[in-house]
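What follows is each chain in one-letter form.
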Amino acid sequence: MVENFKKRFYISLIFTIPILLLSPMIQNFIGLQLSFRYDQYVLFCLATFVFFYGGWPFLTGAIDELKNKNPGMMTLIGLAIFVAYGYSSLVVFGWEGRNFFWELATLVDIMLLGHWIEMKSVMGASNALQELVKLMPNEAHRVNENGETEDVPINELGSEDHVLVKPGEKIPVDGVIVEGQSAIDESMLTGESVPVEKNQEDEVIGGSINKEGSLTIQVKSTGDNTYLSQVISLVKEAQSSKSRAQDLANRAAKWLFYLALAAGIITFIIWIALGFAIDVAIERMVTVMVITCPHALGLAAPLVVAVSTAISAKQGLLIRNRTQFENARNLDAVIFDKTGTLTKGEFGVTDVVPSQRYQTNDVIYWAASTEQNSEHPLARGIIQKAEDIEISLDTVENFESMTGKGLQGDVAGRNVKVVSPGYMKDEKISYDSASFDELSEQGKTVVFVVLDDDQLVGMIALADMVRKSAKEAIAALKQKGVHSIMLTGDNKKVADWVARQLDMDEVYAEVLPDHKADQVKKVQSDGRQVAMTGDGVNDAPALATADVGIAIGSGTDVAVETADIVLVKSNPKDIVSIIELSNNTYKKMVQNLWWAAGYNIIAIPLAAGILAPIGIILSPAVGAVLMSLSTIVVAINAKLLKA
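Residues numbered from 1 in each chain as written. Predicted model: local features only at pLDDT ≥ 70, side-chain atom pairs only at ≥ 80, totals over all residues. Heavy atoms only, no water.

*Asks:* Let's hear about the nonpolar core: which residues, and what values?
*Replies:* Formed by 91 residues in total, the largest nonpolar core has its most connected members in Phe101 and Leu104. At 13 residues, helix α5 (residues 73–92) tops the list of elements feeding residues into this core. Beyond its immediate sequence surroundings of up to four residues, Leu104 is in contact with Ala47, Phe51, Ile81, Ala84 and Tyr85. Counting 25 residues, the second largest nonpolar core, distinct from the first, contains Ala386, Val411, Val447 and Ile460. (Core = buried A, V, L, I, M, F, W, Y, C linked by side-chain atoms within 4.5 Å. Buried < 20%, exposed > 50% of the residue type's maximum accessible area, 1.4 Å probe, protein only. Helix = DSSP H or I, 4+ residues; strand = E, 2+ residues; numbered from the N terminus. Contact = heavy atoms within 4.5 Å.)

Structure below.
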């Protein structure tokens, strides 16, 4: 559609130049004399091409609007160019009067330009569903009766089939583990920030990532019954049911259409009643109808959109749905996903509790040295802490992952284990349970550092680190009277700890994707205008359901494609900028629409001949000057938009 309008605009513009040069009205206006035999028939042919080729989208759009009994911008444009073309054609073939081919051509050009700018400023339809599908592998390693593996397309898998999933691969289907143990990264699907330890008989979700050991999975759900397919259905349903507020300019055009019809008919009746010839009355009527469709109205919204899109891009805001962006000015509640939005999605060390005889640096030294070969998110957090406090690490030997328990290795001649609370309980190694309980209550993940089987060095607490910008964003929203809500698939303790850090108004934890969308609807049912901010697949249905969907740019392609606005810098503070820019953009649009309407307030009565008794009649040429001034004012006003 964008390329179509672009092509029609440039071709129509080329044909408009000779139309202007051959139009007697324009020649008189600029003092040009250009005529030759059959010049008016050449003019007619050129105008006919512009009418049908350039005006085709508006003519067909007008028919569609009239079929739906909802006239708008297309109908108004269609009426103006149809009347101008029809009347001007009659003039060429003998009717008394002056042709309006120049008005027809310039109107088509400017409206094509306006629609092209508008479409270019708004990205195409969401590719969320295709992005969701990309998360699922195309093939799976099916295990046959002889224990051999064969690669087969996903759609050939049947219920009860066994598939092998190697470390680092995506799990192809929903199923149950029949052999093996591993940590599964489900963060993109469920929002759970910590990889989940899975053993035999545990269920796994298609699209999640196997981080460590090899797994054999028995297929339970395929096709439309899989978890990911259900998420796809939710996104599709929410997108199709989302209401699209009618554009301001279109609403103005609807009333102008009725005004043009009424003014034209009344003008014709009055001039006939006053005893004037029918051709004079028709010319007055046509002048009113053509002038009623101001060029400025077609550019009022698109020009502001183009400027606000440029401003937003500089600020790191990518506007994908203009209508929803305009609605952001009315927001009174913002729902945030936790992982990757309010938090960095990266684990960091928050507390170190050394045992007697050891220091904080000792705990980090032994843990980080041992964790060097691990790709686990907790390991990266500990290593980062060692770098931050400039601790030199020693080489680890005989490194081994203890699935579900932790890991171990030899460092500087000592055997070091970094283990879970479960391991400590199984091995009956004592520790400071009061400190552990306090850290756990704060929603932090605690690991223990043990030397030579039973010598506790200390414990390390880690948590998904809160973004500093998130705290500033929540505070700024509170000042604007906007309610802040956290909605996460993560566990309640973690969610409550993050909420306390940020001073959130409400918290909903351990929420699955379908319930996220339901929670958005629940907040909307209170009469609130709701924005949803997220970054994962699990947020996609909620992003599509919200009045304004805002994706963190560093998140998944699915979230980005589902959202109306993307925060390229992944900065939650930009949500405040969205609200402010939306408000300023709306004000500029209203101002421009009033300028465009102001043209009509002056031009329509004059075109109708209200001042004819005192010898003043608005000629089409003067109407063209007023039209141009209106368009210039609208363009300048749009450029004055500030963030």
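*Asks:* Before we move on, can you summarise the side chain of Glu326 with the specific residues and values?
*Replies:* Within the element layout of this structure, Glu326 appears in helix α13 (residues 322–327). Of the residues examined, Glu326 reaches a relative accessible area of 8% and is grouped as buried. With residues up to four places along the chain from it excluded, the contact list for Glu326 reads Ser582 and Met589.

*Asks:* Summarise the packing of helix α19 (residues 468–479) against helix α24 (residues 574–608); cite the residues concerned and give the values.
*Replies:* Running from N to C, α19 and α24 cross one another at 35°; their axes reach a closest spacing of 8 Å. Each of Ala473, Ala476 and Leu477 in α19 lies in contact with α24, whose residues at this interface are Ile575, Val576 and Ile579. (Axes fitted to C-alpha atoms, helices over the stretch in contact; angles between N-to-C directions.)

*Asks:* Kindly report on the packing of aromatic side chains, identifying the contributing residues and their values.
*Replies:* One pass over the structure, following the stated rule, counts 20 aromatic pairs. A ring pair is formed by Tyr431 and Phe436, whose centres lie 5.6 Å apart and whose planes are at 70°; its orientation type is edge-to-face. Under the relative-accessibility criterion, Phe436 is labelled buried at 13%. Through a chain of ring-to-ring contacts, the aromatic side chains of Tyr38, Tyr41, Phe44, Phe51, Phe52, Tyr85, Phe93 and Phe101 assemble into a single cluster. Above the face of the Tyr53 ring, Arg8 is positioned so that its terminal group lies 4.9 Å from the ring centre. When the ring centre of Tyr586 is taken as origin, the NZ or CZ atom of Arg329, which lies over that ring, is 3.4 Å away. (Phe/Tyr/Trp six-rings, centres within 6.5 Å; stacked < 30°, edge-to-face > 60°. Lys NZ or Arg CZ within 6 Å of the ring centre and 35° of its normal.)

*Asks:* I'd love a proper account of helix α15 (residues 360–371), names of residues and values included.
*Replies:* Owing to its 3.6 residues per turn, the α-helix brings residues three or four apart onto one side. Spanning 12 residues, α15 covers 17 Å between terminal C-alpha atoms, matching the ideal 16 Å at 1.5 Å per step. Of all 12 residues that make up α15, nine are buried, and the element is covered over most of its length. Taken together, the buried positions of α15 are occupied by Val363, Ile364, Tyr365, Trp366, Ala367, Ala368, Ser369, Thr370 and Glu371. (Expected span 1.5 Å × (residues − 1).)

*Asks:* Give me the lowdown on the pattern of salt bridges, citing residues and values where you can.
*Replies:* Throughout the structure, instances matching the rule amount to 13 salt bridges. For Asp452, the salt bridge is made with Arg414, and the minimal N-O distance between the two is 2.6 Å. Of this pair, Asp452 sits in the loop between β16 (445–451) and β17 (455–466) while Arg414 sits in strand β15 (residues 414–419), placing them 38 residues apart in sequence. Classification of Arg414 by relative accessible area gives partly exposed; the value is 26%. A single network of salt bridges, built from pairs that share partners, joins Arg142, Glu150 and Asp161. (Salt bridge = Lys/Arg side-chain N within 4 Å of Asp/Glu carboxyl O.)

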